[in-house]
Amino acid sequence: MNKANTKKLYESFPFLYGDHDKPMTQTLMCWGFEYGDGWFDLIFNLSKAIEQEAEKSGLTRSSDLWPRAEQVKEKFGTLRFYVANGSKPIYDLIAKAEAKSEHTCEECGLPGKTREGGWVHTTCQVCEELRNNKRG
Ligand SMILES: [Zn+2]
């Protein structure tokens, strides 16, 4: 994910992503968001929903129990979102977003599909062709 989008997420959800500047020994968030920009909306909406859920349960942002993203990455073409201080409704939200990522192009955000191969990834037709041309 590019720097501008990464910054936007950190700034919009400073507590959810409060660990991003911690050293590697304490969090995997120091790696940032390890996927393309097509999933930005998906992550943004998920982050918002997680914070709304935490608010509903009566937590305050400065609480030690506020949800904290531990790692956000791509694995086998789908999103993986690991969070500390999660709850059942929060894990449900994450599962829904992860399922949606299977059909969302990670490059541009349009409907896509997961493609097998050396490196499993999820792209739409156009991005897939661009990728193959670049490689070819
Ligand atoms: Zn695409």
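Reading the values: the criteria
Residues numbered from 1 in each chain as written. Predicted model: local features only at pLDDT ≥ 70, side-chain atom pairs only at ≥ 80, totals over all residues. Heavy atoms only, no water. Helix = DSSP H or I, 4+ residues; strand = E, 2+ residues; numbered from the N terminus. Rg over C-alpha atoms; globule rule 2.2 N^0.38 Å. Buried < 20%, exposed > 50% of the residue type's maximum accessible area, 1.4 Å probe, protein only. Contact = heavy atoms within 4.5 Å. Areas by Shrake-Rupley, 256 points an atom, 1.4 Å probe, with all protein chains shown as cover. Lys, Arg positive; Asp, Glu negative; His and termini not counted. Charge placed at Lys NZ, Arg CZ, Asp CG, Glu CD. pLDDT = per-residue confidence, 0-100. Axes fitted to C-alpha atoms, helices over the stretch in contact; angles between N-to-C directions. Parallel < 35°, antiparallel > 145°, perpendicular 65-115°, else oblique. Nonpolar A, V, L, I, M, F, W, Y, C, P; charged D, E, K, R; others polar. Donors = N, O, S within 2.8 Å, 3.2 Å for Na, K, Ca; no water. Tetrahedral: all angles 85-135°; square planar, octahedral: opposite > 155°, others 65-115°.

(A) Representation of the overall build of the chain within the structure. If you tally the helices and strands in the chain, you get 4 helices and 4 strands. Counting helices and strands in the order they occur from the N terminus, the chain gives α-α-β-β-α-β-β-α. Rg of the C-alpha trace for the chain: 15 Å, near the compact-globule value of 14 Å for 136 residues, within the 12% margin. Counting only C-alpha atoms and orienting by the principal axes, one finds that the chain spans roughly 50 × 30 × 25 Å. Per-residue burial for the chain yields a buried fraction of 43% across its 136 residues. Restricting the contact set of the chain to residue pairs at least 6 apart, pairs at least 24 apart contribute 50%. As presented, the chain carries roughly 7900 Å² of accessible surface, and 54% of it is formed by carbon and sulfur atoms. The average position of the 19 basic charges and that of the 20 acidic charges among the side chains of the chain differ by 2 Å.

(B) Examining the confidence of the model for the chain more closely. In the predicted model, the chain carries a mean pLDDT of 92, and 99% of its residues have values of at least 70. When pLDDT is averaged over each helix and strand of the chain, the minimum, 90, is found for helix H4 (residues 125-135) and the maximum, 98, for helix H3 (residues 88-101).

(C) Up close: the packing of helix H2 (residues 40-56) against H3. Where H2 contacts H3, the two axes come as close as 9 Å, and the packing angle between them is 170°. Classified by the interaxial angle, the pair formed by H2 and H3 is roughly antiparallel. Side by side, H2 and H3 meet where Leu42, Leu46, Ala49, Ile50 and Glu53 of the first sit next to Pro89, Ile90, Leu93, Ile94, Ala97, Lys100 and Ser101 of the second. Split by residue class, the contact of H2 with H3 holds 9 nonpolar, 1 polar and 2 charged.

(D) Just the environment of valine 126, in detail. Here valine 126 shows up in helix H4. Spatially, the C-alpha atoms of valine 126 and leucine 110 are 9.7 Å apart, while their sequence positions differ by 16 residues.

(E) Expanded view of the coordination of the zinc ion. Within the protein, the atoms that donate to the zinc ion are Cys105 (SG), Cys108 (SG), Cys124 (SG) and Cys127 (SG), at distances of 2.3 Å. Geometry at the zinc ion is tetrahedral, judged from its 4 donor atoms and the angles of 105 to 117° they form at the metal. All donor residues of the zinc ion come from one chain, and their arrangement in sequence is C-x2-C-x15-C-x2-C. Remark: cysteine 127 occurs in helix H4 and cysteine 108 occurs in the loop between H3 and strand S3 (113-115); sequence separation between them is 19 residues. For cysteine 108, a relative accessible area of 39% translates into the label partly exposed. The exposure class assigned to cysteine 127 is buried, which follows from its relative accessible area of 13%.

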